[in-house]
Amino acid sequence: MIAALVAGLFAGYGIAMPVGAVATYLVALTARTTLRIGAFAALGVATADGLYALVAAVAGSAVTPVIRPIMQPLRWASALVLIALAVRSAARAIRRHRGAQATAQAGETPISPVRAYLALLGLTMMNPITVIYFAALVLGDQGTVAPDHLRQGVFVLAAFAASASWQLLLAGGGALLGRALTGGRGRLITTVTSSAVICALAVHLLAR
């Protein structure tokens, strides 16, 4: 049981810690909204990781061959959604700045917590690499998950908890960034910069 717990924690942190486009978007979203919205978005990412861990633990050998043929379309869809989100965020920031409404709208919340959760859940679920990552761990016979439902459950919950803790840490960093850059120009610069980074990461995703 302890082995499954430790394996789940390592697996969760292993998939969550590499900073990619989704993590960058999570930080940027929290910086321009609130910590509450960022926390919901973070839990959306962690939920997707937990669901993929569950799928891999229960049926990893059957799912991986099904996922592989559609990896490229999913990768394209994920990259295009990220680019669309980045362009939309940058355009909104530029419009506010040009309209001299940055100060008046500094506390505006353009997205609800539930929408943030669902958006990041859907965006993360479009990444087929996650399920293949977990399936490789489960099928690698490295002692991660024994063919026992209780141990599988511990592995999945530990993976979810690890991912959630890391995503919430990123959201907290975004909240600190948002408080540090309260001026209109600061918000414009950080939003446009983060949008450019997200676009670059999405293009890199397409090139893989």
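Just so it is clear, the structure is predicted and the values come from calculations on it, not from any experiment.

**Some thoughts on the side chain of T124**
For step 1, the next point in the chain: If you trace the backbone, T124 turns up in helix 5 (residues 113-125).
For step 2, the next point in the chain: Apart from residues lying up to four places away in sequence, T124 is in contact with V22, V45, A48, D49 and Y52.

**Examining the nonpolar core**
For step 1, the next point in the chain: Formed by 19 residues in total, the largest nonpolar core has its most connected members in L29, A41, A116 and L120.
For step 2, the next point in the chain: Within the residue set of this core, elements represented by two or more residues are helix 2 (21-32), helix 3 (35-67), helix 5 and helix 7 (149-180).
For step 3, the next point in the chain: In terms of residue count, helix 2 provides more of this core than any other element does, five residues in total.
For step 4, the next point in the chain: For A116, the residues in contact, after removing those within four places along its chain, are L29, I37, A41 and I111.

**Some points on the environment of A48**
For step 1, the next point in the chain: Relative to the helices and strands, A48 resides in helix 3.
For step 2, the next point in the chain: With 78 residues separating them along the chain, A48 and M126 place their C-alpha atoms 9.3 Å apart.
For step 3, the next point in the chain: Leaving out residues up to four positions away in the same chain, A48 has contacts with L121, T124 and M125.

**Considerations on the packing of helix 2 against helix 5**
For step 1, the next point in the chain: Remark: helix 2 packs on helix 5, axes separated minimally by 11 Å, with the N-to-C direction vectors making an angle of 170°. Classified by the angle their axes make, helix 2 and helix 5 are roughly antiparallel. Counted together, V22, Y25 and L29 of helix 2 and A116, L120, L123 and T124 of helix 5 form the full contact between these two elements.
For step 2, the next point in the chain: Residue classes in the contact of helix 2 with helix 5 are distributed as six nonpolar, one polar and no charged.

**What to know about helix 2**
For step 1, the next point in the chain: Between its terminal C-alpha atoms helix 2 stretches 17 Å, which fits the 16 Å expected from twelve residues at 1.5 Å a residue.
For step 2, the next point in the chain: For helix 2, the buried fraction is high: eleven of the twelve residues fall into the buried class.
For step 3, the next point in the chain: The complete set of buried residues in helix 2 reads A21, V22, A23, T24, Y25, L26, A28, L29, T30, A31 and R32.

Cut-offs used in this document
- Residues numbered from 1 in each chain as written.
- Predicted model: local features only at pLDDT ≥ 70, side-chain atom pairs only at ≥ 80, totals over all residues.
- Heavy atoms only, no water.
- Helix = DSSP H or I, 4+ residues; strand = E, 2+ residues; numbered from the N terminus.
- Contact = heavy atoms within 4.5 Å.
- Core = buried A, V, L, I, M, F, W, Y, C linked by side-chain atoms within 4.5 Å.
- Buried < 20%, exposed > 50% of the residue type's maximum accessible area, 1.4 Å probe, protein only.
- Axes fitted to C-alpha atoms, helices over the stretch in contact; angles between N-to-C directions.
- Parallel < 35°, antiparallel > 145°, perpendicular 65-115°, else oblique.
- Nonpolar A, V, L, I, M, F, W, Y, C, P; charged D, E, K, R; others polar.
- Expected span 1.5 Å × (residues − 1).

So, to be careful, I would describe these as geometric facts and stop short of saying anything about function.
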